[in-house]
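# Descriptive structure summary
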2 protein chains.
Amino acid sequence: MYRPQNLRIPGPTFVPQSVLAASARPMINHRGPEFASLLAGLTRALQDFLRTQGDVLLLTASGTGGLEAAIVNTLSKGDKVLVFSNGAFGERFHQVAKAYGVDARRVDVTWGRVLDPDLVRDEIAKEKGKDGAKAILITHNETSTGVLNPLEEISEIVRESGKLFLVDSVSGAGAVETEVDEWGIDVLVTGSQKAWGAPPGVAIVTMSPRAWKAYDRSDLPKFYLDLQQAKASLEKAQTPSTPAVSIFIALQESLKLMAEEGIEAICQRHRDLAFATRRGLQAINLQLFAEEAHASPTVTSFRSPTRVDSRNLIRILRESHDTIIAGGQGRLEGQIARVGHMGFVTLQDMVAFFSALELTMRELHQTVEPGQAISACLRAYDEATQPPPKAPRATARSGALAPTRR
Amino acid sequence: MYRPQNLRIPGPTFVPQSVLAASARPMINHRGPEFASLLAGLTRALQDFLRTQGDVLLLTASGTGGLEAAIVNTLSKGDKVLVFSNGAFGERFHQVAKAYGVDARRVDVTWGRVLDPDLVRDEIAKEKGKDGAKAILITHNETSTGVLNPLEEISEIVRESGKLFLVDSVSGAGAVETEVDEWGIDVLVTGSQKAWGAPPGVAIVTMSPRAWKAYDRSDLPKFYLDLQQAKASLEKAQTPSTPAVSIFIALQESLKLMAEEGIEAICQRHRDLAFATRRGLQAINLQLFAEEAHASPTVTSFRSPTRVDSRNLIRILRESHDTIIAGGQGRLEGQIARVGHMGFVTLQDMVAFFSALELTMRELHQTVEPGQAISACLRAYDEATQPPPKAPRATARSGALAPTRR
């Protein structure tokens with residue numbers, strides 16, 4: 001039976017047909033000239049997207065493998081580091097560091113709230129001197145709660161401290177402004193299956209010159225995720241072990257589509273669709289979980305209606321309407337739902353999502369008129385994407401809901 | 001320009017059209033019911049193929065990631081282990097162990113020669129008692145030289161010793177008889193892109209109950225490759241982090257094709273085609289590199305003609321005849337070439353290979369008549385696959401070249 005799905009989870013994201021088709025090309029030799037040219041092209045394209053002249057290394061692994069690579073290639077056993085966490089992925093970054101015997105202190109912020117730059121400044125101030133933390137680990141876009149941490153502001157503080165800066169941008173980069181070199185990010189990690197719109201299986205890791213100096217001092221054991229091996233192989237346009245060739249080919253195609261749109265337009269599209277999504281949810285009385293001022297452009301979390309387990313809402317969406325969204329992770333299980341608008345997502349995808357959500361809400365005995373969420377979503381999108389008014393003075397539209405405030 | 005390739009490297013192997021098409025299916029949720037059913041089915045099918053009732057865990061990684069998983073999940077820092085090596089992958093297994101601070105003693109056998117069970121017995125005998133090696137690490141099929149080590153005989157010796165038995169069967173299992181439980185293999189590693197005929201990106205690792213006991217004592221740091229995490233997730237039919245979904249789907253399709261053929265028939269086909277390949281090579285005066293008695297059923301290595309760099313032969317095959325074979329690794333670079341007949345390979349693929357090789361040899365000023373290698377290959381195949389003669393007494397055909405002796 002033909003039942004196409006509307007895949008609206010925050011990764012793996014929807015993969016466009018041309019990218020799927022690319023992934024199904026006949027297998028090639030990973031030590032031959034075609035793969036060499038593929039790998040060189042991918043590396044250059046990713047350097048452009050991530051705004052770095054540093055190294056970009058591709059690992060056959062999921063994002064978590066990339067986080068582990070960030071840690072084992074720059075830190076040593078017993079190193080003190082500071083991990084800022086406001087969600088499940090912040091906690092995961094901390095867990096990986098602990099698993100390798102890094103002395104990782106976690107600074108927790110309530111899930112759904114942002115990592116405030118003032119907090120970051122205060123906590124880093126406690127880590128001065130020789131005995132202070134050597135590195136700062138931070139999550140850019142917290143997928144589990146739908147919060148975008150203000151990485152640019154935070155990066156200024158980290159840069160001033162002179163500490164190594166390791167960033168989990170698995171679900172951010174490619175959809176959210178990310179300036180690796182300008183912001184002084186030493187290691188940034190992202191994944192093929194998120195904003196990049198390719199299938200999962202490839203982690204993307206940047207390394208600054210400072211990160212390489214840290215590599216030389218690092219004593220954590222590594223082999224498969226050893227970035228020096230990856231770099232040495234890259235110089236021969238190869239990978240140390242057999243790469244996920246078909247995902248690399250898919251990524252080449254998705255980066256081509258992304259280059260055609262341009263990273264600025266991509267980031268704007270994500271902001272606009274996230275805004276429209278929030279307004280659509282609110283229009284049917286669904287409460288946003290994350291602080292709106294720091295709501296993620298790639299994933300929106302919302303609370304389940306009172307006395308409704310979010311797993312039930314998610315199940316109806318899937319079983320009756322072939323619409324796939326994610327639930328709460330860890331302590332948020334059953335409480336929230338998360339809808340992804342990450343990667344190759346259009347306004348029509350969100351309209352389709354809201355049509356399914358409206359029906360689901362009615363099935364859950366919530367008062368929702370047909371089109372209620374969709375109309376609000378469309379109005380918000382219209383508002384966000386209209387050219388600015390020509391009137392010389394500020395108008396009502398420059399208020400809280402205006403695009404420039406988001 | 002349409003230039004289909006004959007991909008004859010020992011992995012990634014040729015991927016059938018239906019497997020490629022499966023890999024290009026629309027992306028699905030890795031935490032949903034479809035993936036759960038996919039993962040459960042894959043696990044059961046692999047348990048059947050590998051003849052184990054123990055755990056089979058799937059990692060998003062290449063084979064090397066699987067080797068690392070075998071080590072970090074069962075060993076501790078300073079543990080003494082014995083690594084038997086007769087090629088580049090034996091050396092790699094040793095390197096991974098060393099990278100994690102394991103006290104790994106490597107027993108080297110000349111490349112191209114087999115790991116003799118007597119040698120294994122003698123070396124293990126030196127490792128008796130408390131201070132002796134705790135584990136034996138061995139390569140089943142040495143891809144770099146084309147040697148199949150006699151794992152069944154070796155396994156008896158290891159079993160008697162009571163030591164942990166870690167086996168790299170990355171390029172063996174799925175094409176070569178592999179009895180994980182019967183042979184007492186504690187951890188066996190293989191990879192999606194080898195005999196399994198799926199794209200690269202998934203490592204397959206088995207764990208025996210004894211391996212899990214070793215896990216409990218192991219102190220090597222691990223997170224991404226932590227098999228206990230993988231097992232805990234598997235109980236919910238999930239993976240700890242985002243898996244390479246499209247490769248998992250591809251693998252499901254290739255395992256279906258393999259189940260239709262049956263593992264015994266698959267192993268026989270590999271032996272027959274390997275035999276035919278060796279005879280074809282010898283017919284045009286190319287010298288086999290590996291001892292024939294222990295020649296691999298999945299990859300055949302041969303020496304380049306005198307005064308011909310094998311890289312040149314490989315280049316002509318690729319550039320003029322779209323036929324892709326592999327060169328020598330490490331110290332064998334330039335000296336040997338390796339042709340893969342691993343996974344979904346047919347007699348016609350090998351005939352096509354020999355047609356290209358004959359032309360290449362002529363280009364290299366070698367005396368080769370058109371059809372010379374092909375005819376020998378076909379005769380050998382015929383000999384190997386003919387039903388046994390009905391005569392009650394042994395005939396000339398039961399000599400050195402007969403199928404039963406291989």
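Keep in mind that this is a model prediction, so the values were computed, not measured.

Calculation criteria
- Residues numbered from 1 in each chain as written.
- Chains lettered and ligands numbered in written order.
- Predicted model: local features only at pLDDT ≥ 70, side-chain atom pairs only at ≥ 80, totals over all residues.
- Heavy atoms only, no water.
- Buried < 20%, exposed > 50% of the residue type's maximum accessible area, 1.4 Å probe, protein only.
- Helix = DSSP H or I, 4+ residues; strand = E, 2+ residues; numbered from the N terminus.
- Pairing = 2+ DSSP bridges.
- Contact = heavy atoms within 4.5 Å.
- Buried area = accessible area lost by both parts, 1.4 Å probe.
- Polar contact = N/O pair within 3.5 Å; in protein donor to acceptor, adjacent residues only side chain to side chain.
- Nonpolar A, V, L, I, M, F, W, Y, C, P; charged D, E, K, R; others polar.
- Axes fitted to C-alpha atoms, helices over the stretch in contact; angles between N-to-C directions.
- Least-squares fit on C-alpha atoms with pLDDT ≥ 70 in both.
- Parallel < 35°, antiparallel > 145°, perpendicular 65-115°, else oblique.
- Left-handed = near helix turned anticlockwise from the far one by under 90°.

All names here are of chain B. Burial of strand E2 (residues 55–60) is extensive: six of the six residues sit out of reach of the surface. Where burial is concerned, the two faces of E2 agree: the one with Asp-55, Leu-57 and Leu-59 and the one with Val-56, Leu-58 and Thr-60 are both buried. Relative to strand E10 (residues 202–207), E2 runs antiparallel, the two being bridged by six bridges. Its bridge partner being in E10, Asp-55 is matched across the sheet by Met-207.

The next subject is the interface of chain B and chain A. In this assembly, 47 residues from chain B lie in contact with 47 residues from chain A. Buried area between chain B and chain A, summed over both chains or domains, comes out near 3700 Å², and the portion from carbon and sulfur atoms is 65%. Among the residues of chain B in contact with chain A, Met-27, Phe-223 and Tyr-224 of chain B are the three that bury the most area, contributing 19% of the side total. One can count nine residue pairs in polar contact (both at pLDDT 80 or more) joining chain B with chain A. Contributing elements (two or more residues each) for the side of chain B that touches chain A: helix H1 (17–23), helix H2 (33–50), helix H3 (63–72), helix H4 (88–99) and helix H9 (245–261) of chain B. Residue contributions to the side of chain B that touches chain A peak at four residues, all from H4 of chain B. Its residues placed into classes, the side of chain B that touches chain A shows 25 nonpolar, 16 polar and six charged.

Turning to the sheet that holds strand E5 (residues 135–139) of chain B, a few remarks are in order. All names here are of chain B. Read across the sheet, seven strands follow the order E2-E10-E9-E8-E5-E3-E4 without closing on themselves; strand pairing throughout is mixed. Two strands bound the open sheet, and with one partner strand each, they are E2 and strand E4 (103–108). Across this sheet, the average inter-strand angle for adjacent strands is 20°, counted without regard to direction. Against the sheet, helix H5 (residues 117–125) engages strand E3 (80–85), E4 and E5, with an angle of about 165° to E3.

Laying chain B over chain A is done by rotating through 180° and shifting 0.0 Å along the axis; what remains is an RMSD of 0.0 Å. Put plainly, the chains are arranged around a two-fold axis. Interface overlap between copies: 100% of the residues of chain B at the interface are likewise at the interface in chain A, consistent with a symmetric, same-surface contact.

Before going further, it helps to examine the packing of helix H2 (residues 33–50) of chain A against helix H9 (residues 245–261) of chain A. All names here are of chain A. Direction vectors running N to C along H2 and H9 enclose 45°, while the axes themselves pass 10 Å from each other. Taken together, the axes of H2 and H9 are oblique relative to one another. Remark: the crossing between H2 and H9 carries left-handed chirality. Residue-level contacts link Phe-35, Leu-38, Leu-39, Leu-42, Ala-45, Leu-46 and Phe-49 of H2 to Val-245, Phe-248, Ile-249, Leu-251, Gln-252, Leu-255, Met-258 and Ala-259 of H9. A breakdown of the residues in the contact of H2 with H9 according to their chemical character gives 14 nonpolar, one polar and no charged.

The strands making up a sheet associate through backbone hydrogen bonding, with each pair oriented either parallel or antiparallel. All names here are of chain A. As summarised here, the arrangement of the seven strands in space is E2-E10-E9-E8-E5-E3-E4, forming an open sheet in which the pairing is mixed. Single-partner strands in this sheet number two, and they are strand E2 (55–60) and strand E4 (103–108). Across the sheet, the axes of successive neighbouring strands diverge by a mean angle of 20°, strand direction being ignored. Across three bridges, the pairing between strand E8 (residues 164–168) and strand E9 (residues 187–191) is parallel. Residue pairing across strands places Val-167 opposite Leu-188, the latter belonging to E9. In the packing of helix H3 (residues 63–72) onto the sheet, the strands contacted are E2, strand E5 (135–139), E8, E9 and strand E10 (202–207), and the crossing angle to E9 comes to about 170°. Most of the contacts of helix H5 (residues 117–125) go to strand E3 (residues 80–85), to which it runs at about 165°, and overall it touches E3, E4 and E5.

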